[in-house]
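A look at the structure
Chain residues, written in single-letter form:
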Amino acid sequence: MKILTGNDLGSGAVVWWTGEGWSRFVADAVDVDEHGAAIAAAEEAARRVNAPYVIEASAGPDGPVPAHIKDRVRSVGPTVRDDLALARDPRAGSYVI
Amino acid sequence: MYRYDQYDQAIVDARVDEFRDQVARRLSGEFTEDQFKPLRLKNGLYLQLHAYMLRVAIPYGTLDGRQMRMLAHIARKYDRDYGHFTTRQNIQYNWIKLEEAGDILADLASVEMHAIQTSGNCIRNISSDQFAGAAADEVGDPRPWAELLRQWSTFHPEFSYLPRKFKIAVVGSDTDRAAIQLHDIGLQLVEQGGELGFKVFVGGGMGRTPIIGACIKDFLPARHFLSYQEAILRVYNRYGRRDNIYKARIKILVTELGAEEFARQVEAEWREILPLGIDAPVAEIERIEGFFAPPPFETGLADDVDLSDPDFAVWVKQNVHAHKVPGYAIATISLKPVGGIPGDASSAQIERIADLAERYSFDEIRVTHAQNLVLPHVRKADLYALWQGLRDADLANANLDLASDIIACPGLDYCSLANARSIPVAQALAERLAPIERDPGELKIKISGCINACGHHHAGHIGILGVDRKGEENYQLLLGGSGAEDASLAKIIGPGFTQDGVVEAVDKVLGRYRELRTDGERFLDTYRRVGVDPFKAAVYG
């Protein structure tokens, strides 16, 4: 599957396209199929996201799992600080890359 | 230390106003990201993996308690309660909001700080010896010269768009604590016939193409300091490769031309420049030197230290260095707790260090390129009280220059350029080696998460380079580097490892070292004596 990610313009936070808007949690990301570039262009033009790009992901039991390690780290936060990882994912602090 | 004059303050304040306006225009949509990116980078604001990152300049690694408190304030108010001290003697904040960037720069400006020239193809923050003005072995204090370079290079119109970034380091001792031979320009204060001058190295660097700098001038009279730097920069600016980012650093130009020919061109350019009279007047140099006058040291102080507390004694042995003034010492605060993140300090710790600097070190603090902090002027009689203050804030790590005092870049945990994580490798190695680290003594382990080498892996006695191998983290092991006066480049010894595998490999290397060493021999000495083969055999069988 293909999912769309970027950073929030104001806060810089990592965000994922949900089909209706942007979420902090990769679990909310949806497959954008071949529409990623068009969504990215429209959302960036509307300043709802900064520097969006499409990535490969696989479907996991708790939602999409980014294919590349860099985006897996982006999806959970620094792997060396449990307190800075995203609270919603209970595995975040000990995420196995 | 140096204090801003009206011109310094005016240009920094003006830059804050300008950037506030630029941020507002980005948030309103007037600027696209492509238009805004070069503007934010000129103010040290990057977009990293998780958020915006702000890199704040700490000129030649020197700051006072007031500035440290502001760094703590920024970490607490605008970030997530910590900062990260870097190998460029700067500090980075990892969770900055674009909307607040202008406020942060204004807060920095209120204590004579900024984030200018911490990015981009310009002359970056000048680095120096963390023991400057205190070292027993220095010919002269390098900081006035670093400050002169800062003033000369700040917003220098001719050198704001160089072929690539440009890093300068200045030291004042034969002992090189700033890795000058691994800089675009490395400057060492020397004395010749009673006259002060500089030994000039050019074309060193790490990154994709590591090179030890070449000495192109054994003695540059100090009175011609600026004109000669300008000549070097002009030759580079004219002939540096702008067609290929990987060949754009001055080290490539020096290598392609040859150091002798490069030096000849610099001399020719210098002859053109000299009559223009751009060198700083003696009065200006003396004005700047006045800011770096020695603090009011007491005389007649006792030189002995009560070492009856064994933990304190270990810390003194490892983290305290000789001072040029009797009765004083230089204390290094290691930011490398075993299992911690190299270079990170919490707001509370930063404030504690400000307190201790004000109380015990004439209000001076230094940042080292090894991601530690220094209190340069401590009365020996105060060392125990200082140590207690550090211990209470988990800052009394007695591991300076030992195996757990590891340099590590932020790596893939934070950095958008990284290919692999550095911090977990540093943590695993520190935990493995800390129990035995006093036996080998000095051992410099340096870890980078990509080929850009922010973790100085080329200069590690043991270096580790994280790479991306088919989407997985992989770590190459390098041996034999040094960033000191005996500079050398570490070499990759063979195929790479997993994260656990590289820790095991380092353990095997040290095991072989213990078998091969002679009395008092450091790992680096043994490696240089016996070569790589015994270590390859230990690692790969």
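Residues numbered from 1 in each chain as written. Chains lettered and ligands numbered in written order. Predicted model: local features only at pLDDT ≥ 70, side-chain atom pairs only at ≥ 80, totals over all residues.

**Points about the confidence of the model for chain A**
Short version of the rule: The pLDDT score gives, residue by residue, the confidence of the prediction method on a 0 to 100 scale. Secondary structure elements follow DSSP: runs of H or I no shorter than four residues count as helices, runs of E no shorter than two count as strands, and numbering proceeds from the N terminus.
For chain A, the average pLDDT comes to 90, and 89% of its residues sit at 70 or higher. Put simply, helix α2 (residues 69–76) of chain A is where chain A has its lowest mean pLDDT, 93, and strand β1 (residues 2–7) of chain A is where it has its highest, 98.

**Let's talk about the nonpolar core**
Quick note on the threshold: Throughout this description, the term nonpolar core refers to a group of buried Ala, Val, Leu, Ile, Met, Phe, Trp, Tyr and Cys residues whose C-beta atoms join them within 7 Å. Backbone-placed C-beta atoms define the burial measure: a residue is buried with 20 or more other C-beta atoms within 10 Å of its own, exposed with 12 or fewer, and partly exposed in between. Boundary definitions for the domains trace back to an automatic or database domain assignment. By the convention adopted here, residues make contact when the C-beta atoms placed from their backbones lie within 7 Å.
Within the largest apolar cluster, 98 residues are counted, with the highest numbers of intra-cluster contacts made by Val-202, Ile-232, Leu-429, Val-502 and Val-509 of chain B. Here this core spans two domains, and each of domain 2 (134–290) and domain 4 (407–540) of chain B adds at least three residues to it. The residues touching Val-502 of chain B, leaving out its near neighbours within four places in the chain, are Val-425, Ile-464, Tyr-475, Leu-477 and Phe-497 of chain B. One finds Trp-17 of chain A together with Phe-19, Leu-71 and Ala-357 of chain B within the second-largest nonpolar core, a separate group that totals 82 residues.

**A few points about the domain arrangement of chain B**
Residue and element names in this part refer to chain B. Selection rule: Any residue that is not Ala, Val, Leu, Ile, Met, Phe, Trp, Tyr, Cys, Pro, Asp, Glu, Lys or Arg is counted as polar, Gly included; the first ten are nonpolar and the last four charged.
What the domain assignment reports for chain B is domain 1 (6–109), domain 2 (134–290), domain 3 (310–391) and domain 4 (407–540). Here the C-alpha centroids of domain 2 and domain 4 sit 30 Å apart. On the side of domain 4, 11 residues touch domain 2, which itself brings 11 residues to the contact. Class assignment of the residues belonging to the side of domain 2 that touches domain 4 gives a composition of five nonpolar, three polar and three charged.

**Things to note about the packing of helix α3 (residues 65–78) of chain B against helix α4 (residues 101–109) of chain B**
Residue and element names in this part refer to chain B. Filter applied, for reference: Here, axes are lines fitted to C-alpha atoms. For helices the fit covers the stretch in contact, and angles between N-to-C directions go from 0 to 180 degrees. By definition in this entry, angles of less than 35 degrees are roughly parallel, angles greater than 145 are roughly antiparallel, angles of 65 to 115 are roughly perpendicular, and the rest are oblique. Two helices crossing with the near one rotated counterclockwise from the far one by less than a right angle form a left-handed crossing, whereas a clockwise rotation gives a right-handed crossing.
With their axes 10 Å apart at the nearest point, α3 and α4 run at an angle of 165° to one another. Classified by the angle their axes make, α3 and α4 are roughly antiparallel. The chirality of how α3 crosses α4 is right-handed. Along the contact surface, α3 presents Met-70, His-73, Ile-74 and Tyr-78, while α4 presents Ile-104, Asp-107 and Leu-108. Of the residues assigned to the contact of α3 with α4, the class counts are five nonpolar, one polar and one charged.

**Topic: the sheet that holds strand β14 (residues 365–367) of chain B**
Residues and elements named next belong to chain B. Our working rule: Pairing between strands requires that DSSP locate at least two bridges from one strand to the other.
Pairing within the open sheet is antiparallel, and its five strands lie in the order β3-β14-β15-β12-β11. Two strands bound the open sheet, and with one partner strand each, they are β3 (62–63) and β11 (320–322). Note: β3 against β14, two bridges, orientation antiparallel. The residue of β14 that forms the bridge with Thr-62 is Arg-366. Packing against the sheet, helix α11 (residues 347–360) makes contact with β12 (328–333), β14 and β15 (373–379), and its axis sits at approximately 25° to β15. Sitting on the sheet, helix α12 (residues 383–391) is in contact with β11, β12 and β15, with an inclination near 10° to β12.

**Brief notes about the packing of helix α13 (residues 423–433) of chain B against helix α14 (residues 499–516) of chain B**
Residue and element names in this part refer to chain B. With their axes 10 Å apart at the nearest point, α13 and α14 run at an angle of 40° to one another. It follows from the interaxial angle that α13 and α14 lie oblique. In this structure, the crossing between α13 and α14 has a hand that is right-handed. Listed contacts from α14 to Pro-424, Val-425, Ala-428, Leu-429 and Arg-432 of α13 are Gln-499, Val-502, Val-503, Val-506 and Asp-507. When its residues are assigned to classes, the contact of α13 with α14 shows seven nonpolar, one polar and two charged.

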